[in-house]
Amino acid sequence: QKEVEQNSGPLSVPEGAIASLNCTYSDRGSQSFFWYRQYSGKSPELIMSIYSNGDKEDGRFTAQLNKASQYVSLLIRDSQPSDSATYLCAPSFSGGYNKLIFGAGTRLAVHP
Amino acid sequence: DGGITQSPKYLFRKEGQNVTLSCEQNLNHDAMYWYRQDPGQGLRLIYYSQIVNDFQKGDIAEGYSVSREKKESFPLTVTSAQKNPTAFYLCASSNLAGGSGQPQHFGDGTRLSIL
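Residues numbered from 1 in each chain as written. Chains lettered and ligands numbered in written order. Predicted model: local features only at pLDDT ≥ 70, side-chain atom pairs only at ≥ 80, totals over all residues. Heavy atoms only, no water.

1. With respect to the state of the cysteines
Part 1 of the reasoning: For the structure shown, the criterion picks out two disulfides over all chains.
Part 2 of the reasoning: What pairs with A:Cys23 in a disulfide is A:Cys89, and their sulfur atoms sit 2.1 Å apart. Given an S-S torsion of about -75°, the disulfide between A:Cys23 and A:Cys89 has left-handed geometry. With A:Cys23 in strand E3 (residues 19–25) and A:Cys89 in strand E9 (residues 85–91), this pair connects stretches of sequence that are 66 residues apart.
Part 3 of the reasoning: For A:Cys23, a relative accessible area of 0% corresponds to the buried category.
Part 4 of the reasoning: Judged by its relative accessible area of 1%, A:Cys89 is buried.
Part 5 of the reasoning: What pairs with B:Cys23 in a disulfide is B:Cys91, and their sulfur atoms sit 1.9 Å apart. (Disulfide = S-S within 2.5 Å. Helix = DSSP H or I, 4+ residues; strand = E, 2+ residues; numbered from the N terminus. Buried < 20%, exposed > 50% of the residue type's maximum accessible area, 1.4 Å probe, protein only.)

2. Observations regarding the interface of chain A and chain B
Part 1 of the reasoning: Contacts between chain A and chain B engage 19 residues on the former and 26 residues on the latter.
Part 2 of the reasoning: Here chain A packs against chain B, burying approximately 1,700 Å² in sum over the two surfaces, 54% of which is carbon and sulfur.
Part 3 of the reasoning: Taken as a group, A:Tyr97, A:Asn98 and A:Phe102 account for 36% of the area that chain A buries against chain B, more than any other trio of residues on that side.
Part 4 of the reasoning: Between the two partners, chain A and chain B, sit zero salt bridges.
Part 5 of the reasoning: Where chain A meets chain B, there are eight residue pairs in polar contact (both at pLDDT 80 or more). (Contact = heavy atoms within 4.5 Å. Buried area = accessible area lost by both parts, 1.4 Å probe. Salt bridge = Lys/Arg side-chain N within 4 Å of Asp/Glu carboxyl O. Polar contact = N/O pair within 3.5 Å; in protein donor to acceptor, adjacent residues only side chain to side chain.)

3. Side note on the side chain of A:Arg37
Residue and element names in this part refer to chain A.
Part 1 of the reasoning: Mapped onto the elements of the fold, Arg37 is located in strand E4 (residues 33–38).
Part 2 of the reasoning: For Arg37, a relative accessible area of 13% puts it in the buried group.
Part 3 of the reasoning: Within the structure, Arg37 has its side chain in polar contact with the side chain of Tyr39 (distance 3.5 Å).
Part 4 of the reasoning: Apart from the residues within four sequence positions on either side, Arg37 is in contact with Ser43, Pro44, Glu45, Ile47, Phe61, Asp83, Ala85, Thr86 and Tyr87.

4. Looking at the environment of A:Ser69
Part 1 of the reasoning: Mapped onto the elements, A:Ser69 comes out in the loop between strand E7 (61–66) and strand E8 (71–76).
Part 2 of the reasoning: For the pair A:Ser69 and A:Arg28, spaced 41 residues apart in sequence, the C-alpha to C-alpha distance is 9.4 Å.

5. Some points on the confidence of the model for chain A
Part 1 of the reasoning: On average, residues of chain A carry a pLDDT of 94, and 98% of them reach 70 or more.
Part 2 of the reasoning: The lowest-confidence element of chain A is strand E1 (residues 4–6) of chain A, averaging 94 in pLDDT; the highest-confidence one is E7(A), averaging 98. (pLDDT = per-residue confidence, 0-100.)

What follows is the structure, encoded as structure tokens:
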């Protein structure tokens, strides 16, 4: 079992729709969870952080965390073509050193 | 502006050659990291450092070496022992204040290819 599982995609959604990206993780001690956006050929960019169960909203982005189910998700409302990118889920490593465990990412394609 | 600077952007290595990738940050972050990314894959941790003059191996350290002589700098050397070095190399840093689980911030990356 992979430490962080994400559907590789591509996830194709029409412009204006809600994109739902999912992530499951195996490290039960993970306390911090991050979503990064990576455009093709570029480096990852932090877009959301979430630390407690429930929802956290930031603009068009909502992160959802359920530690009991070891599940974290990212919703993108009113998807735009500029949202087309790969989204990486990164829970923190419970063994310290401020390490993150990165998933392979989900490729999102928003079509006009 | 604060940030992480990686250089060069593109690098070509000849057979049997060692090459060094530069990473400098002016964010006053304590921790620095090196990752490797292959096409269509996630990030794999090569080395990380939480403090000057100390660093730890990550998941794929073989064929790589690092140094941390200054807080701002964490260069990565890809040695000739790394037989498949072609990849996108990413340097990251994070603040350790506030405990573990802080986000990491990335430089623009170095793309390494074999000649």
